Amino acid sequence: MSAATETNATTRPFEADVAKLLHLMVHSVYSEKDVFFRELIANAADACEKLRYEALSDGSLLGEDPDLRITLTLDPENRRLSVEDNGIGMSEAELTDALGTIARSGTKAFMERVSGQKEGENSQFIGQFGVGFYSAFMAADKVDVVSRRAGSQEASLWSSDGLGTYSLSAIDLGEAPARGTRVTLHLKEDAATFAESYTAEHTVKEQSGHVPVPIFLREKPDAEPKRITDGTALWTRPKSEIDAQEYTDFYRSLAGQFDDPALTLHYRAEGVQEYSVLAFVPGSKPFDLFDPDRAGRMKLYVRRVFITDEAEILPRYLRFVRGLVDSSDLPLNVSREMIQESRALGLIRKGVANRVLSEMNKLTEKDAPAYTRVWENFGPVLKEGLYEDFERRDTLLALSRFKTTASGGEWRSLKDYVAAMKEGQSAIYFATGTDLDRLASSPQIEGFRARGIEVLLLTDQVDSFWVTSGLDFEGKPLKSATQGLADLGSIPLSEGEAAPAPASEEASSFIAFVKSTLGDIVSDVRASDRLTTSAVCLVAPETGMDRQLERLLASAGRLDKAAKPILEINPRHDLVERLSRLGDTETGLREDAAHLLFDEARIADGEAPLDPRGFSDRLARVLSRAAG
Ligand code: ADP
Ligand code: MG
């Protein structure tokens with residue numbers, strides 16, 4: 001491993017973000033240094049897969065060396081280690097782009113994550129963020145990258161100590177691999193063991209044993225390479241021969257995660273389309289779950305050749321699934337774009353999505369607690385499917401879990417809910433909000449509680465969207481508890497609850513007075529059958545949007561005009577009874593009361609009084625009168 005002779009070297013500064021990233025890598029991510037192995041080998045394997053793909057249209061790229069491989073060379077005496085591949089390679093410009101700048105959005109997310117994290121937790125995330133190469137500087141104080149692009153007559157050397165600059169130069173072809181890239185690490189003193197064969201072999205087998213390119217190890221610069229992994233694709237082996245640990249290792253190297261998969265799917269589909277699937281539901285949330293592009297992470301292979309990870313094999317609401325599909329039937333020699341559009345891929349998409357959902361459903365029966373963890377991690381994502389995937393709505397509703405007024409903090413299925421419905425109850429009731437506790441104690445659902453009617457408490461952003469799409473479950477419509485009439489009259493009260501007396505004549509005329517006083521700031525004022533202990537609440541009109549959805553849209557600037565709410569008044573409430581008895585001479589107080597009741601209802605919904613100035617004036621008048 002002689003140092004390459006540099007000719008015409010130019011030195012350039014790293015892009016500011018790279019410099020920051022490197023600093024973080026070296027200073028705050030210092031446990032689990034060995035992840036750099038996994039990252040460099042993943043890059044080498046990617047490079048081989050890229051070449052395999054390009055060679056489909058230009059066979060000459062493979063030249064006389066068609067067997068793709070990765071070679072690890074150790075040099076313990078000089079504390080050096082290199083990872084070499086005979087893959088696609090990089091031109092000088094590509095070296096600058098790939099290793100001097102960070103074009104990816106993942107970088108910023110990564111840095112935020114690292115800065116906010118405890119030491120040692122960070123290294124687990126590196127691979128997910130597309131900044132893997134730089135992890136080499138965790139173990140090395142100098143890194144050389146020599147590369148020659150397949151088919152090119154030029155080779156270059158990139159070299160850096162990771163401290164702010166890198167140098168780039170053209171080198172003699174004789175000093176570079178005939179094709180591909182060699183990354184050499186000048187190891188730091190405390191990382192010397194990575195150049196020892198036991199550590200290196202052990203680490204690589206464990207972390208990268210299943211990359212689909214064989215790995216060879218040379219124990220000394222002049223030693224014969226021996227093969228340490230066979231590069232057979234795990235998914236092509238029969239299920240019965242693969243143990244759980246092998247699946248987990250594969251999942252980790254594929255997903256860049258360090259957890260255990262919550263669900264592993266490995267099967268071969270036969271019929272109109274033949275393909276193998278190996279996919280995992282992660283055991284924890286990947287960082288990019290709520291990225292705006294909502295991109296999936298399923299890879300597409302055709303007869304073991306990696307084609308693309310942008311085939312959108314699964315619907316967006318299953319974007320947390322990590323894995324691959326390897327098709328036996330898709331043509332290899334068409335472009336990525338044409339494959340995307342093909343009918344065959346359409347069938348694969350449908351089949352894989354159905355299978356993922358049916359496996360999740362099986363898990364609900366086989367291991368309910370394990371499914372609950374899946375739901376806790378991915379429920380808010382799965383629920384996107386309730387309004388995006390009309391065809392699978394029923395399946396998704398059956399997979400959905402909810403906190404409810406009766407669940408004591410546990411998750412309930414709609415099946416459980418329906419089984420516990422009260423006599424005379426015809427709908428599944430829900431309330432949406434942002435805070436579980438506040439929602440559970442909101443006045444709008446008092447009447448439901450009094451009748452022992454369970455209400456789903458929905459607090460994910462996505463909830464406001466799917467609930468408005470007119471769903472039903474087993475023939476029972478979903479109905480907002482805070483919208484329209486509560487229809488509670490036909491459902492008997494729970495034992496110990498007194499039947500509400502009808503509104504008195506005085507109360508009715510007070511309610512009419514409130515309505516004429518408030519005028520057009522409300523769409524109606526009416527006596528409530530849903531309130532039991534509170535005096536007032538606001539509900540949305542029967543048709544139109546839920547109030548929570550209105551709030552969400554308004555805060556996103558996507559609502560022109562909010563619907564006017566309905567003010568419901570509890571005619572049996574002590575305060576309301578007293579106000580009802582006030583004589584006609586008390587018009588001023590009655591008017592103040594009308595407005596204050598309205599603002600009270602807004603405040604209970606977490607909103608500010610409609611007119612803060614008017615509110616304080618009225619409150620002052622009423623309080624000073626009370627004080628005499
Ligand atoms: P990622 O692999 O997620 O893209 P990395 O930081 O690991 O991020 O690598 C950055 C880029 O450098 C890669 O996308 C690739 O273009 C290039 N690269 C790294 N290693 C190699 C290699 N051995 N052969 C070819 N290109 C490579
Ligand atoms: Mg990488």
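Described below are features of the structure shown in this document. Here the structure is a predicted model, which means the values were calculated and not measured.

**Considerations on the overall build of the protein**
No. 1: Helix and strand counts for the protein stand at 21 helices and 23 strands.
No. 2: Overall, the C-alpha framework of the protein stretches about 105 × 55 × 40 Å when taken along its three principal axes.
No. 3: Out of the 628 residues in the protein, the part that is buried amounts to 50%.
No. 4: Counting contacts in the protein only where the partners sit at least 6 residues apart, residues at least 24 apart contribute 72% of the total.
No. 5: Charge separation in the protein, taken as the distance between the mean sites of 75 positive and 101 negative side-chain charges, equals 2 Å.

**Some details on the sheet that holds strand β13 (residues 305–308)**
No. 1: Spatially, 5 strands are ordered β10-β11-β14-β12-β13 in an open sheet, and the strand pairing comes out mixed. Each edge of the open sheet carries a strand with a single partner, namely β10 (263–269) and β13. Each neighbouring strand pair of the sheet contributes to a mean axis angle of 20 degrees, computed without reference to strand direction.
No. 2: Strand direction decides the pairing type here: strand β11 (residues 275–281) and strand β14 (residues 322–327), joined by 6 bridges, are antiparallel. Within the sheet, the bridge partner assigned to Ser276 lies in β14 and is Asp326.
No. 3: Contacts from helix α9 (residues 343–366) reach β10, β11, β12 (297–302) and β14, with the element oriented near 140 degrees to β10.

**A closer look at the environment of Leu22**
No. 1: Note that Leu22 resides in helix α1 (residues 16–28).
No. 2: With 140 residues separating them along the chain, Leu22 and Gly162 place their C-alpha atoms 6.5 Å apart.
No. 3: In this structure Leu22 touches Phe14, Tyr134, Phe137 and Gly162, once residues within four positions along its chain are discounted.

**Overview of the nonpolar core**
No. 1: Of all hydrophobic cores here, the largest spans 73 residues; its most connected members are Leu318, Phe320, Val352, Met360, Leu382 and Trp466.
No. 2: At 9 residues, α9 tops the list of elements feeding residues into this core.
No. 3: Beyond its immediate sequence surroundings of up to four residues, Leu318 is in contact with Ala353, Val356, Leu357, Met360 and Leu382.
No. 4: Judged by nonpolar contacts, the second largest core, of 54 residues, contains Phe137, Leu168, Phe194 and Val213.

**Examining empty space enclosed by the protein**
No. 1: Counted according to the given criterion, the structure contains 1 cavity of 30 Å³ or more.
No. 2: Quantified by volume, the largest cavity comes out at close to 30 Å³.
No. 3: As for the largest cavity, its lining consists of Asp288, Leu289, Ala295, Arg297, Arg319, Phe320 and Arg322.

**Points about unusual backbone geometry**
No. 1: Phi is positive for Arg294, which is not a glycine, with a value near 50 degrees.
No. 2: Assignment of secondary structure puts Arg294 in the loop between β11 and β12.
No. 3: Classification of Arg294 by relative accessible area gives partly exposed; the value is 23%.
No. 4: The phi angle at Glu312 is positive, at roughly 45 degrees, despite the residue not being glycine.
No. 5: Tracing the chain through its elements places Glu312 in the loop between β13 and β14.
No. 6: Given the relative accessible area of 48%, Glu312 is considered partly exposed.

**Digging into the sheet that holds strand β18 (residues 455–458)**
Strand-to-strand pairing in sheets goes through backbone hydrogen bonds, with the strands running parallel or antiparallel.
No. 1: Here we have 6 strands laid out as an open sheet, ordered β16-β15-β18-β17-β20-β19, and mixed in their pairing. In the strand order of this sheet, the two ends are held by β16 (412–413) and β19 (472–473), each with one partner.
No. 2: Pairing of β19 with strand β20 (residues 476–480) involves 2 bridges; the strand directions are antiparallel. When the sheet's bridge partners are listed, Asp472 is paired in β20 with Pro477.

**Some points on the pattern of salt bridges**
No. 1: One pass over the full model with this rule turns up 37 salt bridges.
No. 2: The salt bridge partner of Arg149 is Glu94, with a shortest N-O separation of 3.1 Å. Of this pair, Arg149 sits in the loop between β4 (140–148) and β5 (155–160) while Glu94 is found in helix α3 (residues 92–100), placing the two residues 55 residues apart along the sequence.
No. 3: For Glu94, a relative accessible area of 30% corresponds to the partly exposed category.

**Concerning the pairing of strand β17 (residues 428–432)**
No. 1: In terms of residue burial, β17 counts as a mostly covered element, since 5 of its 5 residues are buried.
No. 2: A two-sided burial pattern is seen for β17, the buried positions comprising Ile428, Phe430 and Thr432 on one face and Tyr429 and Ala431 on the other.
No. 3: Examined bridge by bridge, β17 and β20 share 3 bridges and lie parallel to one another. Residue pairing across strands places Phe430 opposite Ser480, the latter belonging to β20.

**Some details on the packing of aromatic side chains**
No. 1: Considering all chains together, one arrives at 18 aromatic pairs under this definition.
No. 2: Look at Phe36 and Phe194: their rings are 5.2 Å apart centre to centre, the planes differ by 85 degrees, and that puts the pair in the edge-to-face class. Here the residue Phe36 occupies a position in helix α2 (residues 35–57), and Phe194 occupies one in the loop between β7 (180–187) and α6 (197–208), the gap between them amounting to 158 residues.
No. 3: The class for Phe194 is buried, based on a relative accessible area of 10%.
No. 4: An aromatic cluster is built from Trp235, Phe250, Tyr251, Phe280, Tyr301 and Phe306, whose rings are joined through pairwise contacts.
No. 5: The lysine or arginine in question, Arg355, covers the ring of Tyr267, its NZ or CZ lying 3.9 Å from the ring centre.

**Thoughts on the packing of α9 against helix α10 (residues 368–382)**
The packing of two helices is summarised by the inter-axis angle and the distance between the axes.
No. 1: The interhelical angle for the contact between α9 and α10, taken along N-to-C directions, is 140 degrees, at an axis separation of 8 Å. Here α9 lies oblique to α10, going by the angle between them. In this structure, the crossing between α9 and α10 has a hand that is left-handed. In this structure, α9 uses Leu357, Met360, Leu363, Thr364 and Lys366 to contact α10, whose residues at the interface are Ala368, Ala370, Tyr371, Val374 and Leu382.
No. 2: Per-class residue counts for the contact of α9 with α10 are 8 nonpolar, 1 polar and 1 charged.

**Things to note about the packing of helix α17 (residues 505–518) against helix α20 (residues 587–604)**
No. 1: At their nearest, the axes of α17 and α20 sit 9 Å apart, and the two run at 80 degrees to each other. The angle between α17 and α20 places the two elements in the roughly perpendicular class. Counting all contacts with α17, which are made through Phe510, Phe513, Val514, Thr517 and Leu518, the residues of α20 involved are Thr587, Arg590, Glu591, Ala594, His595, Leu597 and Phe598.
No. 2: Looking at the contact of α17 with α20 residue by residue, the classes come out as 7 nonpolar, 3 polar and 2 charged.

**Describing α9**
No. 1: Here α9 is 24 residues long and its end C-alpha atoms lie 35 Å apart, about the 34 Å a rise of 1.5 Å per residue gives.
No. 2: If you check which residues of α9 are buried, you get Ala344, Leu345, Ile348, Val352, Ala353, Val356, Leu357, Glu359, Met360, Leu363 and Thr364.

**A closer look at the side chain of His595**
No. 1: Looking at the element boundaries, His595 is found in helix α20.
No. 2: Every residue in contact with His595, bar those within four places of it in the chain, is listed here: Thr517, Leu518 and Arg618.

Rules used throughout
- Residues numbered from 1 in each chain as written.
- Chains lettered and ligands numbered in written order.
- Predicted model: local features only at pLDDT ≥ 70, side-chain atom pairs only at ≥ 80, totals over all residues.
- Heavy atoms only, no water.
- Helix = DSSP H or I, 4+ residues; strand = E, 2+ residues; numbered from the N terminus.
- Buried < 20%, exposed > 50% of the residue type's maximum accessible area, 1.4 Å probe, protein only.
- Contact = heavy atoms within 4.5 Å.
- Lys, Arg positive; Asp, Glu negative; His and termini not counted.
- Charge placed at Lys NZ, Arg CZ, Asp CG, Glu CD.
- Pairing = 2+ DSSP bridges.
- Axes fitted to C-alpha atoms, helices over the stretch in contact; angles between N-to-C directions.
- Core = buried A, V, L, I, M, F, W, Y, C linked by side-chain atoms within 4.5 Å.
- 1 Å grid on protein atoms, 1.4 Å probe; cavity = no way out; pocket = protein on both sides within 12 Å on 5 of 7 lines; lining within 4 Å.
- Points joined across faces, edges and corners; volume = space filled by probe spheres on them.
- Salt bridge = Lys/Arg side-chain N within 4 Å of Asp/Glu carboxyl O.
- Phe/Tyr/Trp six-rings, centres within 6.5 Å; stacked < 30°, edge-to-face > 60°.
- Lys NZ or Arg CZ within 6 Å of the ring centre and 35° of its normal.
- Parallel < 35°, antiparallel > 145°, perpendicular 65-115°, else oblique.
- Left-handed = near helix turned anticlockwise from the far one by under 90°.
- Nonpolar A, V, L, I, M, F, W, Y, C, P; charged D, E, K, R; others polar.
- Expected span 1.5 Å × (residues − 1).

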